[in-house]
Amino acid sequence: MLVINRFVVAEDAADRFAERGRAALAALAARPGYTAGRLTRALDDPAHWSLVTEWESVGSYRRALSDFDVKIAAVPLMAESIDEPSAFEELATAEPGGEVRVAGSDRATHPHR
């Protein structure tokens, strides 16, 4: 599972945002089910940042959000992200030079209406 939180940060707030982003990443990285993460900044427009994390499952991500350290260091930062979908399921993956592996969706075929 992939989580992408995108942000627009004023130039004069970039250093503080980077500190907060690193603290959020550290808190999330300490949780069970976390597999990778990164704090990134757009090359073409340095006001655009993202916090990208990968998780074993949606359950491990949701459980991480209830951890005290995550609530203090990551959740307030994530609340400032652009209001858009942020959690994605992986439907296909490929290693360098490898075959594309297709995965089934965990979403219900006919979600409740």
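Our subject is the structure that appears above.
Residues numbered from 1 in each chain as written. Predicted model: local features only at pLDDT ≥ 70, side-chain atom pairs only at ≥ 80, totals over all residues. Heavy atoms only, no water.

## Considering the sheet that holds strand β4 (residues 87-88)
Piece 1. Taken together, four strands build an open sheet; the order of strands is β2-β3-β1-β4 and the sheet is antiparallel. The strands lining the two open edges of the sheet, one partner per strand, are β2 (34-41) and β4.
Piece 2. As paired strands, strand β1 (residues 2-8) and strand β3 (residues 48-55) are joined by seven bridges and run antiparallel to one another. Following the sheet pairing, Leu 2 is matched in β3 by Glu 54. (Pairing = 2+ DSSP bridges. Helix = DSSP H or I, 4+ residues; strand = E, 2+ residues; numbered from the N terminus.)

## Thoughts on the pairing of β2
Piece 1. The sheet contact formed by β2 and β3 spans seven bridges and is antiparallel. Pairing of Thr 40 across the sheet is with Ser 50, part of β3.
Piece 2. Where β2 folds back onto β3 in an antiparallel hairpin, the turn is made up of six residues.

## Comments concerning the packing of aromatic side chains
Piece 1. Inspection of every chain in the model, using the stated rule, returns four aromatic pairs.
Piece 2. Look at Phe 17 and Trp 49: their rings are 5.1 Å apart centre to centre, the planes differ by 65°, and that puts the pair in the edge-to-face class. A residue pair is termed long-range when its members are at least 10 positions apart, and Phe 17 in helix α1 (residues 14-29) and Trp 49 in strand β3 qualify at 32 residues.
Piece 3. Residue Trp 49 is classed as buried on the basis of its relative accessible area of 8%.
Piece 4. Through a chain of ring-to-ring contacts, the aromatic side chains of Phe 7, Phe 17 and Trp 49 assemble into a single cluster. (Phe/Tyr/Trp six-rings, centres within 6.5 Å; stacked < 30°, edge-to-face > 60°. Buried < 20%, exposed > 50% of the residue type's maximum accessible area, 1.4 Å probe, protein only.)

## Some remarks on the pattern of salt bridges
Piece 1. Following the criterion strictly, the structure yields six salt bridges and no others.
Piece 2. In this structure, the salt-bridge partner of Arg 6 is Glu 84, at a minimum N-O distance of 2.4 Å. Of this pair, Arg 6 sits in strand β1 while Glu 84 sits in the loop between α4 (75-79) and β4, placing them 78 residues apart in sequence. (Salt bridge = Lys/Arg side-chain N within 4 Å of Asp/Glu carboxyl O.)

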